[in-house]
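Per-entry structural report
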Amino acid sequence: MEVKILFAILLAGLFLLESKHIAYNTSQGIVPDKINVHLVPHSHDDVRWLKTVDQYYVGANNSIRGACVQNVLDSVISALLDDKNRKFIYVEMAFFQRWWRQQSEALKTKVKDLVNSGQLEFINGGMCMHDEATPHYIDMIDQTTIGHQFIKDEFGQKPKAGWQIDPFGHSAVQAYLLGADVVGGSKSLGSSSQIYIGVFPRHYDPPDGFTFEINDVSPPIQNDTLLFDYNVQERVNDFVGAAVAQANVTRTNHIIWAMGTDFWYQYANSWFRQMDKFIHYVNMDGHVNAFYSTPSIYTDAKFATNELWPLKTGDFFPYADRENAYWTGYFTIRTAFKGYVRMMSGYYLAARQLEFCKGRSSLGPNTDALAIAQHHDAFSELRLNTRNENSVTKFHQCPLLNISYCPPSETVLSNGKSLVIVVYHPLGWKREEVIRIPVPIEGLIVHDSGGREIESQLLPLSTTSMNTRNFHVKAYLGRSPSGMPKYWLAFVASVPPLGFSTYTVSGAKQTDEGKLSRFVNSKNLVTEFAEQSYSYYSGYNGTNKDPQILLPCPKASGAYVFRPNGTFPIKSDGRVPLTVMRGPVMDEITRVYRGKEHAEVEFNIGPIPVDDEFGKEITTQISTAMKTNKTFYTDSNGRDFSKRIRDYRDDWDLQVNQPVAGNYYPINLGIYVEDESKELSVLVDRAVGGSSLVDGQIELMLHRFLLLRIYFYSILMHHIDDN
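Summarised in this report is the structure supplied together with it. In this text, all values refer to a predicted model and were calculated from it rather than measured experimentally. (Residues numbered from 1 in each chain as written. Predicted model: local features only at pLDDT ≥ 70, side-chain atom pairs only at ≥ 80, totals over all residues. Heavy atoms only, no water.)

This next bit is on the packing of aromatic side chains. Under the defined criterion, the tally for this structure stands at 38 aromatic pairs. Look at F168 and W327: their rings are 5.1 Å apart centre to centre, the planes differ by 35°, and that puts the pair in the tilted class. Neither F168 nor W327 differs from the other in exposure class; each is buried. Ring centres of F491 and Y503 lie 5.3 Å apart, and the angle between their planes is 50°; on these two criteria the pair is classed as tilted. Residue F491 is located in strand β16 (residues 487-495), and its partner Y503 is located in strand β17 (residues 499-505); the two are separated by twelve residues in the primary sequence. Across this residue pair, the class does not change: F491 and Y503 are buried. Feature note: the residues F88, F210, F212, F239, W257, W264, Y265, W271, F272, F278 and Y292 constitute an aromatic cluster, connected by ring pairs. Directly above the aromatic system of F316 lies the positively charged group of K312, at a separation of 5.0 Å from the ring centroid. Stacked on the ring of Y540, the Lys or Arg R563 has its end atom at 3.9 Å from the ring centre. (Phe/Tyr/Trp six-rings, centres within 6.5 Å; stacked < 30°, edge-to-face > 60°. Buried < 20%, exposed > 50% of the residue type's maximum accessible area, 1.4 Å probe, protein only. Helix = DSSP H or I, 4+ residues; strand = E, 2+ residues; numbered from the N terminus. Lys NZ or Arg CZ within 6 Å of the ring centre and 35° of its normal.)

What follows is the structure, given as C-alpha cells:
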C-alpha cells in the first residue's frame, strides 16, 4: 500500500510539470557595467585547401573532407530569417557569388534585407582570405577589389572590418591595406597605415565546451524539465566561467567569442538554437552580458572605451605556434606555381589597361582564377596534390612559358613564317628589357617596327629544362608536345611608357663562356668579390604526435613548418658552355646582359632524391666580405622593406630554438644587405623564403621536397621546378 501511494504522489507531481514553447530573448545589446561577450557566428570556408573550390561548394569529394559551402549558406540564411536578432558574418565572395547566382529573385530580396539590417555582414569581402606572406600587394588589392565590387554592385555596401584569422603570420602591408587606426604597418605611410587589431586567446573557434556542430561533443543546454539531464544553471556557470577567464586577459570589458571554424554551420540551427538559449539564460543570470555581435560592433565598442592601446610596429613574421615549429617552409613551397602566379599577375595588369582603352570584353582576363590563387591555402600551396584547375588551367596566352613551352613561337617559325611579337609596357616610364622566347631553329633575326635589325642571340636550352618541359606539358595538356625547341631567342626590347613595341623575328649570335665570380657595377665603379654556393637542409622527420594537442600535428619539416636537421653542401659536376653549372640535383644558368647593372641567375631544380626517406630543402648562398652586423632587409609584399636583425625581435626577448628557421622571412621582391660603402641586393621573380644567416651573405631557399602528414591528411610535396 505504501508503495502504491508513493507512486501515485510521484505520478501526480510529474503531471504538474509541462513542456512548452519558450520565446528566447536574444535582443540584448551592450551593457556598460558588465563583461560583454560578443558572440560572432562565422564559418571559415577555405577557397581551396584539400579540395577544389567547386568541390568545396557543392560538397563533392567528401572522402577527403566533408564540407559543402552551399549547405552552409542555405542553412545560415534560413536561420537568420527565423530570428531578426541573429547575426552572421561571411568572408569569401568566391563562394558567395556561386551561391548568389543560383537564388531566386524573391530570396535575393530577403537576403538584401538581411544585409541592410546588419544581420548578415560581409567581413574582409575579398574573393578569398588571402595569404599575407607570399602574394604581391597588387594581387592582394586586386582580389579584395573584385570581391568588394560584387558586394557594392549587389548590395550597395562595402565591408567595414577585416577578418584575417587564418594566414600564418601578418604583414606590415596588410595593415596598410586595411588602413584604419594599432599595428604600425607601412613605414612610408606612418600613422595612416595603423589599424586596430584583436588577437584571440585561442584558435578562431569558441572556448572548449561551446561548439555545436552536428555530432559535436559539447553538452547542449537541456531546459526541458520533462527530460533527463536538465542542466541550465550548470551550463550558464560554464559560460560565465569561460567569459571571466578571457576577460582577465583582455583590455576593457568587451570580449569576443568566434562561434565557428572551418566549414561549420552546415546545419545552422544546431548552432543558433544553443546560442539563443545561452543568451537568454546567461542574461537572466546577470553575471555577464551575452549577445549576437560582429567584428564591426566589437571594434566600435572597443574604441568607445577610449582605451590607450599599445603600438605594434613591423609585422608578425616569422610565426611559430610552438617551440621548434616555425611556419616558414610555405614561403618557398611549390615555387613553380608561385612564379606562374607572378607572371599572370603582370599579364592581368597589362590586360586591364588594354581593356580600358578598347572596352570590356566577355573574353577578357579571368580575374577569378588569379584572385583565388591568393588564398592562404592556395598560393601557399598547403593542400593535397589535386589538380590546380581553379588556379591554373583557366589562364591563357602561352600559359606554360615557364616550362619553355610556347606553341606560337615553335610552330610558326618551324614552318618558315615570320613571328610578330608585341611587347606591352604597363608602367609609366620607358623601359628596356631582355625578351626570351623558345624557338626550334637557328638562323633567326629580329627587326623592330622600323625594319632595323635588333641584336639578338641564341641560348641553348638545358637538358633539365627539356625534361621538365616534356613532363609538365603532358601532365597539363594530356599529350606530349609535337615540337621540340632548341634555344631561347633573346633580344633587348625598348618600350615606351604605357605603350608597346612590335618586333618581327628572323639571326642570332652565339654567346661567350664564363663563370660568375664577382660583381662589377660599371656605372659607379663598385666591385665586390662574391661566391655563390649551394646546399640543402635535411628535413627533420620529428614525430607525428604533438604532446600539446590531441591531433596529429608534426613538428617535422613540412609544407607549413621549416625545421632543418643539418645542412649539406651541393658540389657541381663541372662547368659546360654558356655559364651552365650542372650538378646531380640542379642546373644553374647565369646571364650578364650588356649595359645592365645586374646578373641574372636561373635554376632548374629536381628531381630531389629522397631515397633515404628524408625530405630536402635546396638553398643557394651568395657570400661576400661585407660587414653587415647581423642586419638584412626583406620586402613586405613587394611594397616596403623591413629591417631584420638575426636572432632578435624588437618586441620581446627572443629565445632562439631554431637559428635557421627562426630567421627566415618571406621575400616577394627582394632581400639586401649593406655595409658602410656597399649594398648587395637580390631580386626574385616569385615568392620565396630567405635570410642572412652569416654576415655578408644572402641565402634563398629555391625548392623543397618533403614527406609527412599534415594534421589529418597525408601529403607528398614533390615538384620539378623550372625557376
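With that settled, consider the sheet that holds strand β31 (residues 679-683). With antiparallel pairing, four strands are arranged side by side in an open sheet as β28-β27-β30-β31. Looking at the sheet topology across the chains shown, the edges are occupied by β28 (640-645) and β31. Within the sheet, the average angular offset between the axes of one strand and its neighbour, ignoring direction, is 20°. Bridge analysis of strand β27 (residues 631-636) against β28 gives six bridges, and the strand direction is antiparallel. In the strand pairing of β28, S636 is matched with D640. (Pairing = 2+ DSSP bridges. Axes fitted to C-alpha atoms, helices over the stretch in contact; angles between N-to-C directions.)

Attention shifts here to the sheet that holds strand β11 (residues 419-425). Backbone-to-backbone hydrogen bonds join strands into a sheet, with any given pair of strands oriented parallel or antiparallel. Overall, antiparallel pairing links the four strands, which are arranged β11-β17-β13-β14 in an open sheet. Because the sheet does not close on itself, it has two edges, and the strands there are β11 and β14 (453-454). As paired strands, strand β13 (residues 446-448) and β14 are joined by two bridges and run antiparallel to one another. Residue pairing for β14: H447 is matched across the bridge by E453.

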